[in-house]
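Overview (structure and organization)
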Amino acid sequence: MIPLIAATYFMVSGGPYAIEDILGGAGYGTAIVILLVLPFIWSLPTTLMIGELASAIPADGGFYIWVRRALGPFWGYQEGWLSLSASVFDMAIYPAFCVTYLGKFNPALTAGWHGLAWSLAVVVICCLWNLRGAPSVGDGSVWLFLLLLSPFAVFIVVGVWQGFAQHSVVQWKHVSSESALSTAVLVAMWNYMGWDNASTVAKEVENPQRTYPRAMIGSALLVAITYILPLLAMAFAGLPSDNFSTGAWVDAARSVAGPWLGFAIVAGGVISGFGMFNALVMSYTRLPMAMAEDRMLPRSIARINSRGVPWVSVLFCGLAWALALKLPFERLISIDLILYGASLLLEFVALIVLRVREPNLHRPFKAGNLAFACALGVGPAALIGYALYASRNEQVVDGFPAILLAVLVALVGPLLYWLTTIGKNRRLAATAAD
């Protein structure tokens, strides 16, 4: 269970490094309220849904298998497509994040082509690590987790002690614009999403019926705690929240304890980007394998090595993510949220449909009665609607609306399913003729 919690932690969070814009946009009081409230309406319903479905249907492919079983092959394919297309936007972020913190050691390390080379190195190393199997990634995530959070543990202790010793005045209130608050909520949603990614390796988890529900709840608590405690330590230390943005943890650590802690925070940032990418490689690469086993993708993608790893899928996905490294996707959180949100809503629908169609399905963990299961999706659906509204004016390349791009990407799924079905039917007809 501990390796699964650690791997899930990196799939969702990767530490406090990406929450700077929440504090800078909202201030201490509002940022802490956002980070306290969102887990109850965004994370907890999702973890309860995953706990039930992962324990009832522990299969590699996770949420793709659940949606296909509940809603049929068409919607199963859309679930896989939405998740994999979102991964292209998502996975470009983490190597760039890793390189950004690496450059804080010495800017010359990442100048020019060196930055791309380091990003490619992250992709290659993580793919090779994943070829060793899910247990290796899970055990490695435990050590990465400890290394990542050690500097923040020191930061919390020193910050709180400094606040009491110097009687610092906490500036809870912060003058924020509507757009800054909206950005804070969207960034918080992004920092609390990805719980379902852990479900795709269910066959490689020992006793998944017992392990998944506990791991989901445990990792949800851990993520919230590691977001909120560093902010409280900053507040008690009397550090200003104005203009606190990505990378500002380094300056905060230096002001609290000196250059040595700033150096440790920089090292943790490199570990954070690497650990998130590594854990998500394990998750996303099981989707093409499961789809290939259903003949929705070429069968060769389902090939596994002696450790049970879909090595063709790892190489295929790694190549796709490497090609996306130079694209400016790190700014497109709203597109990632929209595509991920659509796939998440399908999972909540699958939960309800399976309750109705398969009431006798063995569920070692059950998220309440049918009415409670129906209510679970209300909070996430409302937040996804808010994300759509908040990003209505966001534009990407050459003024192209972000929402329109997300919709176009999503609409490619039905077209690909149609093309796949035609090819599949032709092969079946040819086999029958022979």
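If you're wondering where the values come from, they're calculated on a predicted model, not measured in any experiment. (Residues numbered from 1 in each chain as written. Predicted model: local features only at pLDDT ≥ 70, side-chain atom pairs only at ≥ 80, totals over all residues. Heavy atoms only, no water.)

**Topic: the confidence of the model for the protein chain**
A residue-level look at the protein chain finds 93% of positions with pLDDT of 70 or above and a mean pLDDT of 86. Least confident of the elements in the protein chain is helix α17 (residues 402-433), whose mean pLDDT is 79; most confident is helix α3 (residues 63-71), at 94. (pLDDT = per-residue confidence, 0-100. Helix = DSSP H or I, 4+ residues; strand = E, 2+ residues; numbered from the N terminus.)

**Focus on the packing of aromatic side chains**
Inspection of the entire model under this criterion finds 19 aromatic pairs. Aromatic side chains Y17 and Y101 sit 5.2 Å apart centroid to centroid with 80 degrees between the ring planes, which places their arrangement in the edge-to-face category. Remark: Y101 occurs in helix α5 (residues 93-102) and Y17 occurs in the loop between α1 (2-12) and α2 (20-56); sequence separation between them is 84 residues. Taking the centre distance of 5.8 Å and the plane angle of 25 degrees together, the rings of F164 and F236 count as stacked. Of this pair, F164 sits in helix α7 (residues 134-166) while F236 sits in helix α9 (residues 208-237); the two residues are 72 residues apart in sequence, bridging distant segments of the chain. Using a relative accessible area of 58% as the deciding quantity, one classes F164 as exposed. One aromatic cluster is present, built from ring pairs that chain together Y17, F97, Y101, F152, F155 and W249. (Phe/Tyr/Trp six-rings, centres within 6.5 Å; stacked < 30°, edge-to-face > 60°. Buried < 20%, exposed > 50% of the residue type's maximum accessible area, 1.4 Å probe, protein only.)

**Digging into the layout of surface pockets**
Here the second largest pocket defines a volume of roughly 290 Å³. Contributing to the lining of the second largest pocket are 16 residues, with W81, L84, S85, P288 and F316 lying nearest its centre. Elements supplying a minimum of two residues to the lining of the second largest pocket: α4 (73-91), α12 (286-293) and α13 (311-323). Tallied by class, the residues present in the lining of the second largest pocket amount to 13 nonpolar, three polar and no charged. (1 Å grid on protein atoms, 1.4 Å probe; cavity = no way out; pocket = protein on both sides within 12 Å on 5 of 7 lines; lining within 4 Å. Points joined across faces, edges and corners; volume = space filled by probe spheres on them. Nonpolar A, V, L, I, M, F, W, Y, C, P; charged D, E, K, R; others polar.)

**What about the packing of α2 against helix α14 (residues 333-357)?**
With their axes 11 Å apart at the nearest point, α2 and α14 run at an angle of 50 degrees to one another. Of the possible angle classes, the one that applies to α2 and α14 is oblique. Remark: the crossing between α2 and α14 carries left-handed chirality. Residues W42, P45, T46, M49, E52 and L53 of α2 form the contact with α14, whose own contacting residues are L337, Y340, L344, E347, F348, L351, L354 and R355. (Axes fitted to C-alpha atoms, helices over the stretch in contact; angles between N-to-C directions. Parallel < 35°, antiparallel > 145°, perpendicular 65-115°, else oblique. Left-handed = near helix turned anticlockwise from the far one by under 90°. Contact = heavy atoms within 4.5 Å.)

**Side note on the side chain of S85**
For S85, the location among the structural elements is in helix α4. Contact partners of S85, with chain neighbours within four places excluded, come to L339 and V409.

**Here we look at the packing of helix α8 (residues 178-191) against helix α16 (residues 378-390)**
In contact at an axis separation of 11 Å, α8 and α16 are set at 135 degrees when each is read in the N-to-C sense. By the angle between their directions, the pair α8 and α16 is classed as oblique. Regarding α8 and α16, the two cross each other, and that crossing is left-handed. In contact with S182, V185, L186 and M189 of α8, α16 contributes L383, I384, Y386, A387 and A390. Considering only residue class, the contact of α8 with α16 consists of eight nonpolar, one polar and no charged.

**Regarding empty space enclosed by the protein**
All chains considered together, the criterion is met by one cavity of 30 Å³ or more. Of the pockets and cavities examined, the largest cavity occupies roughly 170 Å³. Along the walls of the largest cavity sit 19 residues, with D90, M193, G194, N197 and Y284 positioned nearest its centre. Looking at the lining of the largest cavity, the elements with two or more residues in it are α1, α4, α8, α11 (259-284) and α14.

**Considering the pattern of salt bridges**
For the coordinates displayed, the defined rule picks out five salt bridges. Across the pair E52 and R355 runs a salt bridge, and its minimum N-O distance is 2.7 Å. You can see E52 sitting in helix α2 and its partner R355 sitting in helix α14, a full 303 residues away along the chain. Take E52 and R355: they sit in the same class, and that class is buried. Note that D294 and R68 form a salt bridge whose closest N and O atoms lie 2.1 Å from each other. Of this pair, D294 sits in the loop between α12 and α13 while R68 sits in helix α3, and the two are 226 residues apart along the sequence. Since its relative accessible area comes to 26%, R68 is described here as partly exposed. Among the ionic contacts, a cluster of salt bridges with common partners joins E52, R355 and R363. (Salt bridge = Lys/Arg side-chain N within 4 Å of Asp/Glu carboxyl O.)

**Comments concerning unusual backbone geometry**
The phi torsion at N207 lies on the positive side, around 50 degrees, for a residue other than glycine. Within the secondary structure, N207 sits in the loop between α8 and α9. One non-glycine residue with positive phi stands out, namely R295, at about 65 degrees. A residue is classified by how much of its surface remains accessible, and R295, at 46% relative accessible area, is partly exposed.

**Side note on α3**
Among the residues of α3, those classed as buried are F63, Y64, I65, W66, V67 and A70. Its buried side turned inward, α3 meets α2, α4, α12 and α14. Following α3 by one or two positions, G72 has its phi on the positive side, about 100 degrees.

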